[in-house]
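Reading the structure
Each chain is listed here by its residues.
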Amino acid sequence: MLLVIKKNTTIKLIIKLLGILILLLGLSLLIKPEIIFGWLEDNMENTSLYFFAVVFRLGFGILLIIVAKESKYPSIIKYFGYLAIIAEIIFIFIGHECFKDFFSSLISYIKPYASLIGIIIIAVGAFLIYAFS
C-alpha cells in the first residue's frame, strides 16, 4: 500500500516537473524567443533532435495516459497523451529528412506569433501542474 502511494506521488511529481519545464519554455518564448528559435535552427541537422522529439513524445504520451486517472481532469490528460503519441507516430513515418524540412519551414512561419505561442505553452504547463496538484 505504501509503495503504491509513493509511486503515485513520484509520478505526480514528475508530471509537475514536466509542467514547470513546459511553463519555463513558454516563458522563454514570451520573453526572448530567439533563444528557442536559434537553438532549433542550429540543431535542425542533428539527428539527436529528431530522436529526442520522437522518444520524448512517446514517453510523455504513455506517462500521461497511465496517470490520467490520478489527475483532476482525466479525460483531458488522456487526450494530451494520445495526441503526443499520434505526433510521435507521425514523426516516425515522415522520417528525419521530412521532419527537418517541416520544422525548418514551420519556424519561419510561426516566429511572428512567438508571444501567442508562449502564452499557450505557459497555459498548458500551468494546467499540467494544476491537474496533478
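Here the structure is shown first, and the text comes after it.
So, a few notes on the structure that sits alongside this text. Computed from a predicted structure; not experimentally measured.

1. A closer look at the pattern of salt bridges
- Per the stated rule, a full pass over the model turns up 3 salt bridges.
- Here Glu41 and Lys111 are joined by a salt bridge, their closest N and O atoms 3.0 Å apart. On the criterion of sequence distance, the pair formed by Glu41 in helix α2 (residues 33–43) and Lys111 in the loop between α4 (74–110) and α5 (114–131) is long-range, its members being 70 residues apart.
- The class of Lys111 is partly exposed, set by a relative accessible area of 38%.
- Ionic pairing is found between Lys100 and Glu97, a salt bridge with its closest N-O pair at 3.1 Å.

2. Quick notes on the side chain of Glu88
- The topology assignment puts Glu88 in helix α4.
- Arg57 is the oppositely charged side chain nearest to the buried, salt-bridge-free Glu88, at an N-O distance of 9.0 Å.

3. Concerning α2
- For α2, every residue scored as buried is listed here: Pro33, Ile36, Phe37 and Asn43. One side of α2 holds all its buried residues, which, seen down the axis, span an arc of 145°.

4. Here's the deal with a nonpolar patch on the surface
- A cluster of nonpolar residues, Leu13, Leu17, Ile20, Leu24, Leu27, Leu30, Ile31 and Ile119, forms a patch on the protein surface that exposes about 730 Å² of accessible area.
- The element contributing the most residues to the nonpolar patch is helix α1 (residues 2–31), with 7 residues.
- Among the structural elements, Leu17 can be located in helix α1.

5. Some words on the packing of α4 against α5
- At a minimum axis distance of 17 Å, the contact between α4 and α5 shows a crossing angle of 155°. By the angle class used here, α4 and α5 are roughly antiparallel. Judged by the sense of rotation from one axis to the other, the crossing of α4 with α5 is left-handed. Contacts from Ile76, Ile77, Phe80 and Ile110 in α4 reach Ala114, Ile117, Phe127, Leu128 and Ala131 in α5.
- Taken together, the residues that form the contact of α4 with α5 break down as 9 nonpolar, no polar and no charged.

6. A look at the side chain of His96
- With respect to the helices and strands, His96 occurs in helix α4.
- Look at His96 and you get buried, because its relative accessible area is 16%.
- Look past the residues within four positions of His96 in its chain and what remains in contact with it is Met44, Glu45, Asn46, Thr47 and Tyr50.

7. Brief notes about the environment of Ser75
- Mapped onto the elements of the fold, Ser75 is located in helix α4.
- For the pair Ser75 and Lys100, spaced 25 residues apart in sequence, the C-alpha to C-alpha distance is 32 Å.

8. Comments concerning the packing of aromatic side chains
- For the structure on display, the rule yields 12 aromatic pairs.
- Judged by centre distance (5.4 Å) and plane angle (10°), the rings of Phe56 and Phe60 are stacked. Placement of both Phe56 and Phe60 in helix α3 (residues 47–67) is noted, with a separation of 4 residues, approximately one turn of the helix.
- Classification of Phe60 as buried rests on a relative accessible area of 13%.
- Ring centres of Phe99 and Phe103 lie 4.8 Å apart, and the angle between their planes is 50°; this geometry places the pair in the tilted category. Taken together, the residues span about one helical turn, with Phe99 and Phe103 both in helix α4 at a distance of 4 residues.
- Aromatic ring contacts, followed pair by pair, group Tyr50, Phe91, Phe99, Phe102 and Phe103 into a single cluster.

Thresholds applied
- Residues numbered from 1 in each chain as written.
- Predicted model: local features only at pLDDT ≥ 70, side-chain atom pairs only at ≥ 80, totals over all residues.
- Heavy atoms only, no water.
- Salt bridge = Lys/Arg side-chain N within 4 Å of Asp/Glu carboxyl O.
- Helix = DSSP H or I, 4+ residues; strand = E, 2+ residues; numbered from the N terminus.
- Buried < 20%, exposed > 50% of the residue type's maximum accessible area, 1.4 Å probe, protein only.
- Lys, Arg positive; Asp, Glu negative; His and termini not counted.
- Arc of directions from axis to C-beta.
- Patch = residues over 30% accessible without salt bridge, like charges linked within 9 Å, V, L, I, M, F, W, Y side chains within 5 Å.
- Areas by Shrake-Rupley, 256 points an atom, 1.4 Å probe, with all protein chains shown as cover.
- Axes fitted to C-alpha atoms, helices over the stretch in contact; angles between N-to-C directions.
- Parallel < 35°, antiparallel > 145°, perpendicular 65-115°, else oblique.
- Left-handed = near helix turned anticlockwise from the far one by under 90°.
- Contact = heavy atoms within 4.5 Å.
- Nonpolar A, V, L, I, M, F, W, Y, C, P; charged D, E, K, R; others polar.
- Phe/Tyr/Trp six-rings, centres within 6.5 Å; stacked < 30°, edge-to-face > 60°.

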